[in-house]
Amino acid sequence: MASDEEANLLTEQQRMPSKSEKLWSIFIWIWRFFIFGITGSSSVVVTESLMHHVLGLSTPDNWVYYVVFFLLELVVYTIMIVTIGACLGQWRFFCTVAFRMWGWILPIQIRQAVGSRLQLD
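Here is a short report on the structure shown in this document. Residue numbers restart at each chain and count upward from 1, following the sequence in its written direction. Local features in this predicted model are restricted to residues of pLDDT 70 or higher, and side-chain atom pairs are both shown and tallied only at a pLDDT of 80 or more, whereas totals for entire chains, interfaces and linings draw on every residue. Side-chain figures throughout are based on the complete set of non-hydrogen atoms in the structure, without hydrogens or water.

Looking at the packing of helix α3 (residues 63-87) against helix α4 (residues 91-102)
- For the pair α3 and α4, the least separation of the axes is 7 Å and the interaxial angle reads 165°. As the angle between them shows, α3 and α4 are arranged roughly antiparallel. Crossing geometry of α3 relative to α4 is assigned as left-handed. Two secondary-structure elements touch here, α3 through Leu74, Val75, Tyr77, Thr78, Ile81, Val82, Gly85 and Ala86 and α4 through Trp91, Phe94, Cys95, Ala98, Met101 and Trp102.
- The residue inventory of the contact of α3 with α4, partitioned by class, reads 12 nonpolar, two polar and no charged. Geometry is summarised by axes, namely lines fitted to C-alpha atoms with helices restricted to the contacting stretch, and by angles between N-to-C directions that run from 0 to 180 degrees. Numbering of helices and strands runs from the N terminus, with a helix taken as a DSSP run of H or I at least four residues long and a strand as a DSSP run of E at least two residues long. An angle below 35 degrees is read as roughly parallel, one above 145 as roughly antiparallel, one from 65 to 115 as roughly perpendicular, and any other as oblique. Whether a crossing is left-handed or right-handed is set by the direction in which the near helix is turned from the far one by less than a right angle, anticlockwise for left-handed and clockwise for right-handed. Contacts: residue pairs with any heavy atoms within 4.5 Å of one another. Amino acid classes used here: Ala, Val, Leu, Ile, Met, Phe, Trp, Tyr, Cys and Pro are nonpolar; Asp, Glu, Lys and Arg are charged; the rest, including Gly, are polar.

Here's the deal with the environment of Gly37
- By the secondary structure assignment, Gly37 is in helix α2 (residues 19-53).
- Using a 1.4 Å probe on the protein chains alone, a residue whose accessible area is under 20% of its type maximum counts as buried, one over 50% counts as exposed, and one in between counts as partly exposed. What makes Gly37 partly exposed here is its relative accessible area of 36%.
- Taking the C-alpha atoms as reference points, Gly37 and Ile81, separated by 44 residues in sequence, lie 9.9 Å from one another.

Some details on the nonpolar core
- To qualify as a nonpolar core, a set must consist of buried Ala, Val, Leu, Ile, Met, Phe, Trp, Tyr and Cys residues joined through side-chain atoms within 4.5 Å. Core analysis: the biggest nonpolar cluster contains seven residues, these being Ile35, Val76, Tyr77, Met80, Ile81, Ile84 and Phe94.
- Ranked by residue count, the leading element in this core is α3, at five residues.

Focus on a nonpolar patch on the surface
- A contiguous nonpolar patch, built from Trp63, Val64, Val67, Phe70 and Leu71 and spanning about 530 Å² of accessible area, is present on the exposed surface.
- Overall, the relative accessible area of 52% leaves Phe70 in the exposed class. Residues form patches when they are more than 30% accessible in relative terms and have no salt bridge. Like charges link within 9 Å. Nonpolar side chains (Val, Leu, Ile, Met, Phe, Trp, Tyr) link within 5 Å. Each accessible area is a Shrake-Rupley result for a 1.4 Å probe, and residues are judged covered by the shown protein chains and nothing else. Salt bridges are defined by distance alone: a side-chain nitrogen of Lys or Arg within 4 Å of a carboxyl oxygen of Asp or Glu.

A short note on the packing of aromatic side chains
- Whether two aromatic rings pair depends on their centres lying within 6.5 Å, for rings of Phe, Tyr and Trp, where Trp uses its six-membered ring; planes under 30 degrees apart make the pair stacked, over 60 edge-to-face, and the rest tilted. Going through the model one piece at a time under the given rule, you end up with 10 aromatic pairs.
- Ring centres of Trp29 and Phe33 lie 6.1 Å apart, and the angle between their planes is 45°; this geometry places the pair in the tilted category. Taken together, the residues Trp29 and Phe33, both in helix α2 and four residues apart, mark about one turn of the helix.
- We classify Phe33 as exposed; its relative accessible area is 55%.
- Aromatic pair Phe93 and Phe94: ring centres 5.0 Å apart, planes at 85°, arrangement edge-to-face.

Here it is, written out as structure tokens:
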């Protein structure tokens, strides 16, 4: 009896995805790339606007502008990728992306708690 259950379990694990499952997976990845594209373009505009209106850095005439832009872009992009991803139905995927971007800087306890919540390895 146990060998029949094991055989059924093996065949379920080794089964090939159907054509509709493959198409759905392709659609999801296209949707995710679309979200990446929207976020990347928008975050640059938002970062430039923040630098101009909030920080008063309007022209890229020295190296300070580029350093501040790079650091601010990292934060703005992370916030926007999670926000836009959540609004467009891909919250878990883009939270995982943000976690992998910033997880190295988090304390171990927070990293483990967030990792288990997102069900990461």
